[in-house]
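The lines below spell out each chain.
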Amino acid sequence: MAARSLEIGPVGIRAARTIEILRTERGLAQRQLAGRVTALGRPMSNAMLSRIERAQRRCDVDDLAAIAEALLVSPLVLLQGPTAP
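Residues numbered from 1 in each chain as written. Predicted model: local features only at pLDDT ≥ 70, side-chain atom pairs only at ≥ 80, totals over all residues. Heavy atoms only, no water.

Enquirer: What is the right way to read unusual backbone geometry from this model?
Expert: Generally, phi is negative for residues other than glycine and the peptide bonds are trans, each holding for most cases. Despite not being glycine, Ala55 has its phi angle at roughly 55°, a positive value. Within the element layout of this structure, Ala55 appears in the loop between α3 (46-53) and α4 (61-71). Ala55 sits in the partly exposed class, given a relative accessible area of 27%. In this model, Leu72 sits at a positive phi of 60°, which is unusual for a non-glycine residue. Structurally, the position occupied by Leu72 is in the loop between α4 and α5 (75-80). (Helix = DSSP H or I, 4+ residues; strand = E, 2+ residues; numbered from the N terminus. Buried < 20%, exposed > 50% of the residue type's maximum accessible area, 1.4 Å probe, protein only.)

Okay, structure coming up:
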C-alpha cells in the first residue's frame, strides 16, 4: 500500500491563511495564540503554529477546533475564510 500524501489541499491552505489573518487582526503574536490554544488543553508551541500558518504542517481537526476557540470564532470560519458570507 502506498503511503498517503501529506500535501495540504486548498481548504487547508485557506484555513492556514485565515488563522494568520484573524490572529494579526486581533493583535496577537504567534506565541500568544499558541499560549491560548495550550491553555485550552491542546498543547501548541509557537513553532507549531508558525508551521500551520505557513501550510508546512497539517492542522488536524483538534488543532482547528482549539485555534478557532482561542480566536473566538467557529471552526467553519477558519475553513471558509474570514470574508465568507
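Don't stop here, the text continues.
Enquirer: For this particular structure, what's the right way to read the nonpolar core?
Expert: The tendency in soluble globular proteins is for nonpolar side chains to be buried side by side. With 18 residues, the main nonpolar core has Ile19, Leu33, Val37, Met44, Ile67, Leu71 and Leu78 as its most contacted residues. Broken down by secondary-structure element, the contributors of at least two residues to this core are α1 (10-25), α2 (30-39), α3 and α4. Looking at this core, the element that brings in the most residues is α4, giving six residues. Contacts of Leu78, omitting those with residues within four sequence positions, involve Arg14, Ala15, Thr18, Ile19, Leu22, Leu64, Ile67, Ala68, Leu71 and Val73. (Core = buried A, V, L, I, M, F, W, Y, C linked by side-chain atoms within 4.5 Å. Contact = heavy atoms within 4.5 Å.)

Enquirer: Sorry, what's going on with the pattern of salt bridges here?
Expert: Applying the stated criterion across every chain, the model contains four salt bridges. Salt-bridge contacts for Arg23 lead to Glu53; the nearest nitrogen and oxygen are separated by 2.6 Å. Within this pair, whereas Arg23 is found in helix α1, its partner Glu53 is found in helix α3, the two being separated by 30 residues in sequence. On the basis of relative accessibility, which here comes to 8%, the residue Arg23 falls in the buried class. Among the ionic pairs, Arg42 bridges to Asp63, the shortest N-O distance being 2.8 Å. (Salt bridge = Lys/Arg side-chain N within 4 Å of Asp/Glu carboxyl O.)

Enquirer: How should I be thinking about the side chain of Asp63 in this particular structure?
Expert: Within the secondary structure, Asp63 sits in helix α4. On the accessibility criterion, Asp63 (1% relative accessible area) is buried. The contacts of Asp63, once residues within four sequence positions are left out, are Arg42, Met44, Ile52, Arg57 and Arg58.

Just distances and angles here, no functional claims.
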